[in-house]
Amino acid sequence: MKKIAIVSHDAGGAEVLSSWLKYQDLNYLTVIDGPALNIYKKKGIKNTGHNLREAIIESDIVITSTSWQTELEKEAIYLSKKMNKYVITLLDHWVNYLERFKYKGKFELPDEIWVTDKYARKIAEENFKDLKIKQINNFYLDNIKSQINKKNIFKNNLNSGYKGLFIGENISDHYVGKKIEGSNSYYNENQALKYLLDNLCNLEFDIKELKIRPHPSDMIGKYEWALENKYVKSIENKNDLIDDICRNDIIFGCESMAMVVGLIAKKKVVCCIPLDNKKSSLPFPNIIKLRDLIVKID
């Protein structure tokens, strides 16, 4: 049996890759760090504690997720190609595909790319015309669907107003503000939240309270300024994500995978990206734009 090296750091990619690995019968070793450590541990996947170079040397095939907090996976692709090892990268989202492979000023591409849905496959095929693209099952979302089906979905008395959940994203650290296409304007997660808070009283429906769920990589206290708003009741991410989503009526965010989880839970999902000429890259037509919900006041 061939030996597989698994390389993971950031939470999003680690969730999808570890979920896939859990259902495989493979001879593997791991190079995992950062948020991925707890994710793999919770799923009962053994951490073999290898460093990157020795893992690649000992393996026949290397499989990576992708990260923006570190260059671990990019370095893994670079070293794998240098050592003539076949390397596969799993893409867990729908944005910034080329950027995920830029390493020391150059693009280091794997031999094969894995995606988990038809939307991602189309984007990958457009960006990587000379690479093998394979669509695999998304065991991570399958597991989420299963968990949601076992829960009692919160049903609020809507006559008293909706409960909202804002999903934080660490856009600032990633891009120092995302550029709006065709404009010199930028936005970050604080601006998106402010856009939401400024308009909560102008929506087509009544919000009675809002919980802010920071991203795991967010600095403590990042959203404390929002507590001045009368709608904001709590800022924390201690609860399980699925529990938080099931306990609220409306999920607000920008481009987070958690918004997809909201769709799975059949919640109303609203994109809070400010400015008219930028939409969420999440390829799901049932995500509502916040600007379309704002009641125009003459």
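Each remark here, short or long, concerns the structure printed above.
Small disclaimer: the values here were computed from a predicted structure and weren't measured.

**Student:** Let's hear about the overall build of the chain: which residues, and what values?
**Tutor:** Each helix and strand in the chain was counted, giving ten helices and 16 strands. For the chain, the C-alpha radius of gyration of 20 Å lies close to 19 Å, the compact-globule estimate for 298 residues. Once the C-alpha set of the chain is aligned to its principal axes, its extents read approximately 65 × 45 × 35 Å. In the chain, 63% of the contacts between residues at least 6 apart in sequence involve partners at least 24 apart. For the chain, the exposed surface amounts to about 15,100 Å²; the carbon and sulfur share of it is 47%. Counting 46 positive and 40 negative side-chain charges, the chain places the centres of these two groups 3 Å from one another.

**Student:** Run through the nonpolar core, naming residues and quoting values.
**Tutor:** In terms of nonpolar packing, the biggest core is built from 71 residues, with Y40, I63 and F128 touching the most fellow members. A total of seven residues in this core trace back to one element, the largest contributor, which is helix α10 (residues 257–264). Among the nonpolar cores identified, the runner-up in size contains 23 residues, and L193, L203, F205 and F252 belong to it.

**Student:** How would you summarise the side chain of K43 if you had to cite specific residues and measurements?
**Tutor:** Here K43 lies in the loop between α2 (36–42) and α3 (52–58). Looking at K43, its side chain comes within polar contact range of the side chain of S18, at 2.9 Å. Once you skip the residues sitting within four places of it in the chain, K43 turns out to touch A14, E15, S18, S19, K22 and Y140.

**Student:** How would you sum up the sheet that holds strand β1 (residues 3–8)? Please name residues and give values.
**Tutor:** Strand order across the open sheet formed by six strands is β2-β1-β3-β4-β7-β8, with parallel pairing between neighbours. This sheet does not close on itself; its edge strands, each paired only once, are β2 (27–32) and β8 (132–135). Going across the sheet, the axis of each strand differs from the next one's by a mean of 25°, ignoring polarity. Bridging between strand β7 (residues 112–115) and β8 involves four bridges; their strand directions are parallel. Within the sheet, the bridge partner assigned to W114 lies in β8 and is K134.

**Student:** Break down the pattern of salt bridges for me, citing the residues and quoting the values.
**Tutor:** For the structure on display, the rule yields ten salt bridges. Where K43 meets E15, a salt bridge forms, and the shortest distance between an N and an O atom there is 2.9 Å. With K43 in the loop between α2 and α3 and E15 in helix α1 (residues 11–22), this pair connects stretches of sequence that are 28 residues apart. Residue D198 pairs with K194 through a salt bridge whose shortest N-O separation is 2.8 Å. Here the residue D198 and the residue K194 both occupy positions in helix α8 (residues 189–199), the gap between them amounting to four residues, near one helical turn. Connected through salt bridges with shared partners, the residues K211, R213, E236 and D244 form a single ionic network.

**Student:** Before we move on, can you summarise the environment of I123 with the specific residues and values?
**Tutor:** Structurally, I123 is set in helix α5 (residues 118–127). By relative accessible area, which is 23% here, I123 ends up partly exposed. Each C-alpha atom, one on I123 and one on T66, is 16 Å from the other, the two residues being 57 residues apart in sequence. When residues no more than four places from it in sequence are discounted, the contact partners of I123 are W94 and Y97.

**Student:** Before we move on, could you go through the side chain of S65 and cite the residues and values that matter?
**Tutor:** Relative to the helices and strands, S65 resides in the loop between β3 (61–64) and α4 (72–82). Taking the relative accessible area as the measure of exposure, S65 reaches 1% and is therefore buried. Within the local environment of S65, its side chain forms a polar contact with the side chain of S8, the two groups lying 2.7 Å apart. Not counting chain neighbours up to four residues away, the residues in contact with S65 comprise V7, S8, H9, G13, A14, L17, E73, T89 and L90.

**Student:** Just give me the short version of the environment of D249, but keep the residues and values in it.
**Tutor:** Structurally, the position occupied by D249 is in the loop between α9 (241–246) and β14 (250–253). According to the relative accessible area criterion, D249 is buried, its value standing at 11%. With 88 residues separating them in the primary sequence, D249 and G161 have C-alpha atoms 9.5 Å apart. There is a polar contact of 2.6 Å between the side chain of D249 and the backbone nitrogen of K163.

**Student:** Any chance you could break down the packing of helix α6 (residues 139–150) against α10 for me, citing the residues and the numbers?
**Tutor:** α10 packs onto α6 with a crossing angle of 45° between their chain directions and a minimal axis gap of 10 Å. With respect to each other, α6 and α10 are oriented oblique. Note that α6 runs across α10; the crossing there is right-handed. Seen from α6, the contacting residues are Y140, L141, I144, K145 and I148; seen from α10, they are M257, V260, V261 and I264.

**Student:** Give a detailed account of α4, specifying residues and quantitative values.
**Tutor:** Residues lying three or four places apart along an α-helix face the same way, a consequence of the helix completing one turn every 3.6 residues. The set of residues buried in α4 consists of L72, E73, K74, A76, I77, L79 and S80. Elements in contact with the buried residues of α4: β1, β2, α3, β3, β4 (86–90) and β5 (102–103). N84 sits one or two positions beyond α4 and adopts a positive phi of about 60°.

The rules behind each value
- Residues numbered from 1 in each chain as written.
- Predicted model: local features only at pLDDT ≥ 70, side-chain atom pairs only at ≥ 80, totals over all residues.
- Heavy atoms only, no water.
- Helix = DSSP H or I, 4+ residues; strand = E, 2+ residues; numbered from the N terminus.
- Rg over C-alpha atoms; globule rule 2.2 N^0.38 Å.
- Contact = heavy atoms within 4.5 Å.
- Areas by Shrake-Rupley, 256 points an atom, 1.4 Å probe, with all protein chains shown as cover.
- Lys, Arg positive; Asp, Glu negative; His and termini not counted.
- Charge placed at Lys NZ, Arg CZ, Asp CG, Glu CD.
- Core = buried A, V, L, I, M, F, W, Y, C linked by side-chain atoms within 4.5 Å.
- Buried < 20%, exposed > 50% of the residue type's maximum accessible area, 1.4 Å probe, protein only.
- Polar contact = N/O pair within 3.5 Å; in protein donor to acceptor, adjacent residues only side chain to side chain.
- Pairing = 2+ DSSP bridges.
- Axes fitted to C-alpha atoms, helices over the stretch in contact; angles between N-to-C directions.
- Salt bridge = Lys/Arg side-chain N within 4 Å of Asp/Glu carboxyl O.
- Parallel < 35°, antiparallel > 145°, perpendicular 65-115°, else oblique.
- Left-handed = near helix turned anticlockwise from the far one by under 90°.

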